[in-house]
Each structure stands twice: as C-alpha cells, then as structure tokens.
Amino acid sequence: MKISHRFRVSDGPNPNSNRNGFAETVQLNDLRKLVRSGESQHLEFKAKANFPEKIARSICAFANAEGGTLLLGVGDDGKLLGIKDADEDLQVIARLLNQARPHFRWKFKNIPLSSARSIVVFEVRESNKKPVSLKIDRGTVYYRSGDSNVQAGMVMAEVLRRKSSSMGSLITFGTDDHKLMGYFSDGKPHTFNSIVKQLKLDRVEMVDKLAGLVVSGVLRVVPGAPEETLALNLI
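Residues numbered from 1 in each chain as written. Predicted model: local features only at pLDDT ≥ 70, side-chain atom pairs only at ≥ 80, totals over all residues. Heavy atoms only, no water.

Asks: Is there a simple way to explain the sheet that holds strand β9 (residues 229-232) in this structure?
Replies: Spatial strand order, β7-β9-β8: three strands in an open sheet with antiparallel pairing. Taken across any chain shown, the strands that pair with only one partner, and hence form the sheet edges, are β7 (190-191) and β8 (219-221). The pairing of β8 with β9 spans three bridges and is antiparallel. If you follow V221 over to β9, its bridge partner there is L230. (Pairing = 2+ DSSP bridges. Helix = DSSP H or I, 4+ residues; strand = E, 2+ residues; numbered from the N terminus.)

Asks: Would you mind showing me how to read the side chain of E158 here?
Replies: If you trace the backbone, E158 turns up in helix α4 (residues 154-163). The buried category is assigned to E158, whose relative accessible area is 14%. There is a polar contact of 2.6 Å between the side chain of E158 and the side chain of R161. In contact with E158, other than residues within four places in its own chain, are V207 and A211. (Buried < 20%, exposed > 50% of the residue type's maximum accessible area, 1.4 Å probe, protein only. Polar contact = N/O pair within 3.5 Å; in protein donor to acceptor, adjacent residues only side chain to side chain. Contact = heavy atoms within 4.5 Å.)

Asks: Just to check I follow, could you spell out the packing of aromatic side chains for this structure?
Replies: Working definition: an aromatic ring pair is given by the centre-to-centre distance plus the angle between the planes. What the rule picks out here adds up to three aromatic pairs. Arranged with centres 6.4 Å apart and planes meeting at 40°, the rings of W106 and F122 form a pair that is tilted. Linking W106 in strand β3 (residues 106-112) with F122 in strand β4 (residues 118-124), this pair joins segments that are 16 residues apart in sequence. Using a relative accessible area of 8% as the deciding quantity, one classes W106 as buried. Ring geometry for Y183 against F184: centres 6.2 Å apart, planes inclined by 80°, an arrangement best described as edge-to-face. As far as burial versus exposure is concerned, Y183 and F184 are alike and both buried. Joined through ring pairs, the aromatic side chains of W106, F108 and F122 make up one cluster. (Phe/Tyr/Trp six-rings, centres within 6.5 Å; stacked < 30°, edge-to-face > 60°.)

Asks: I tried to follow the pattern of salt bridges on my own but got confused; where do I start?
Replies: Going through the model one piece at a time under the given rule, you end up with nine salt bridges. Among the ionic pairs, E44 bridges to R144, the shortest N-O distance being 2.8 Å. Within this pair, whereas E44 is found in strand β1 (residues 43-46), its partner R144 is found in strand β5 (residues 142-145), the two being separated by 100 residues in sequence. Across the pair, exposure class does not vary: E44 and R144 are buried alike. D208 is paired through a salt bridge with R162; the nearest N and O atoms lie 2.3 Å apart. (Salt bridge = Lys/Arg side-chain N within 4 Å of Asp/Glu carboxyl O.)

Asks: Which parts of the structure should I look at to understand the side chain of T69?
Replies: Here T69 is to be found in strand β2 (residues 68-72). Sequence-distant contacts of T69, that is, excluding residues within four places in its chain, are made with L34, H42, L43, E44, F62, V121, F122 and E123.

Asks: Explain the nonpolar core here, please?
Replies: A general trend in soluble globular proteins is that nonpolar side chains are found buried together. Core analysis: the largest hydrophobic core is formed by 26 residues, its most contacted members being I59, L72, L97, F104 and F122. Secondary structure elements with two or more residues in this core: α2 (52-63), β2, α3 (87-98), β3 and β4. Ignoring sequence-local partners within four residues, the contact set of F122 consists of I59, G68, T69, L70, L72, L90, I93, W106, K107 and F108. Among the nonpolar cores identified, the runner-up in size contains 25 residues, and V141, V155, L180 and V196 belong to it. (Core = buried A, V, L, I, M, F, W, Y, C linked by side-chain atoms within 4.5 Å.)

Asks: I tried to follow empty space enclosed by the protein on my own but got confused; where do I start?
Replies: With a probe scaled to a water molecule rolled over the atoms, the places where space remains empty come into view. For the structure shown, the criterion picks out one cavity of 30 Å³ or more. Of the voids in this model, the largest cavity is the one considered here, and its volume is about 30 Å³. If you go around the largest cavity, the residues you meet are R57, C60, A61, N64, V132, S133, L134, D137, T140, V141 and Y142. Top contributing element to the lining of the largest cavity by residue count: α2, with three residues. Its residues placed into classes, the lining of the largest cavity shows six nonpolar, three polar and two charged. (1 Å grid on protein atoms, 1.4 Å probe; cavity = no way out; pocket = protein on both sides within 12 Å on 5 of 7 lines; lining within 4 Å. Points joined across faces, edges and corners; volume = space filled by probe spheres on them. Nonpolar A, V, L, I, M, F, W, Y, C, P; charged D, E, K, R; others polar.)

Asks: In this structure, what is going on with unusual backbone geometry? I would like to understand it.
Replies: Leaving glycine out, the prevailing phi sign among residues is negative, and the prevailing peptide bond configuration is trans. The step from R101 to P102 runs through a cis peptide bond, and the omega angle for that step is -10°. One can find P102 in the loop between α3 and β3. Following K130, the chain continues into P131 via a peptide bond in cis, with omega recorded as 0°. On the secondary structure map, P131 appears in the loop between β4 and β5. Its identity is not glycine, yet R138 carries a phi of approximately 50°, on the positive side. Along the polypeptide, R138 turns up in the loop between β4 and β5.

As structure tokens, this is what we get:
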C-alpha cells in the first residue's frame, strides 16, 4: 500500500512486545467508552468505507468547525462492526483529503477488533484557515453543526473565512443597514434570497453585510434549513 506522508498506517501493538494483548484491550475499552457517548458535534460514526467522498467530506466538516473524531466501522446504533480489506478505500480518502484546500491537520489509526476487522479512527483538528473544501466539491463547503454535516451557503462560507482571519467585524450603519435590521424586527428567520429580493441590494454586498452581523453576534445562521436562513441572535 503506497501512502503519502500525511497518511500513516498504524498496525496496532507489536505482538512481540505485548504478548498478553494488554495495549489492544486498553485501546478497545477507550473506543467503547467513546462510542457510548453517541454522535455529537465532535463525533461521527460511519459503518462502511465504500463511500470515501462522504467520509472525506465529514472530515472537512470537522475541520471547518471545532475539530472532531470520525469512527469508521461503527454503525449508527453504536455497534462495533469493523471493516476489512479497506486499504483501497483508505487510499482514496487520503487522496481526497490531501487535495483539499486549504490544507489542514488530520491523522488516523487502526484499532483491531479481530484478526480480520478493525475500527479506523480519524482525528481532525480545527483548521486555522477556513473554509476547507474538497477539490471534487468545487468550492462547496460543509461544516459540523450538532451531530450533522451542513452545507454552507454564501454567508456561512464568508463567516468561516472571517473567523479564521485577522479581519475584524466593524459594523457601520447606513440607510441600507437600518433597512436590513428593520427586516429582522419581526423576530422571524428569513432566507438569504428573500432578504436580497426584499431590500433590492447587490448579493455580494449583502453577503458582506450579513456575514459581519453574524460574526459580531447580532445575527445567526439557522443550520439545517433547506436554503440559507438567518435570524436574530437572541441568546
């Protein structure tokens, strides 16, 4: 198996130095404890490796949020299934991640379940340069929100970029800005397209204004909506 320097295989403990399998047992016990906590903002389960693009996309979503762990070979119900003969799929995942831009830090290790099956643990750090996306996604960005991966709209992609850069979120209020805040005065969430249509502002300018309001905490992006939706941040 030919692999890049960013994709290192861990074959588990050396049988000559751990004849009683103690190190394997400790790793497996830690894994079971982690699985019992369930999927969350920082943890995702994937049962199989036969959709490497989805796995790589989930890893990028963690990098665009707070980082996290993806367990390959674990069912949605938390059952430890393990995978076997997944070298080819893992090579595809590695290639996809190595082509992601900007580059970010990730690693993986194998935890044996048996002589034939193992759990692959991907550990992902939050990227300090966002948004991260796969080359095959052609600029489409995903980020982690709760226990789901969410496709970012134009506003959220700009929010991610600003949060990882040194640019501030200085807000100046002109006539258009007062109209914008007045539009949210009903306390209801509004889609990006409806805001642009109602206020008749340039879409690029609107992305800039809305992203600034989200970064400053005035507005929030509503995750999981069918189209990009924003609302007043009342917290």
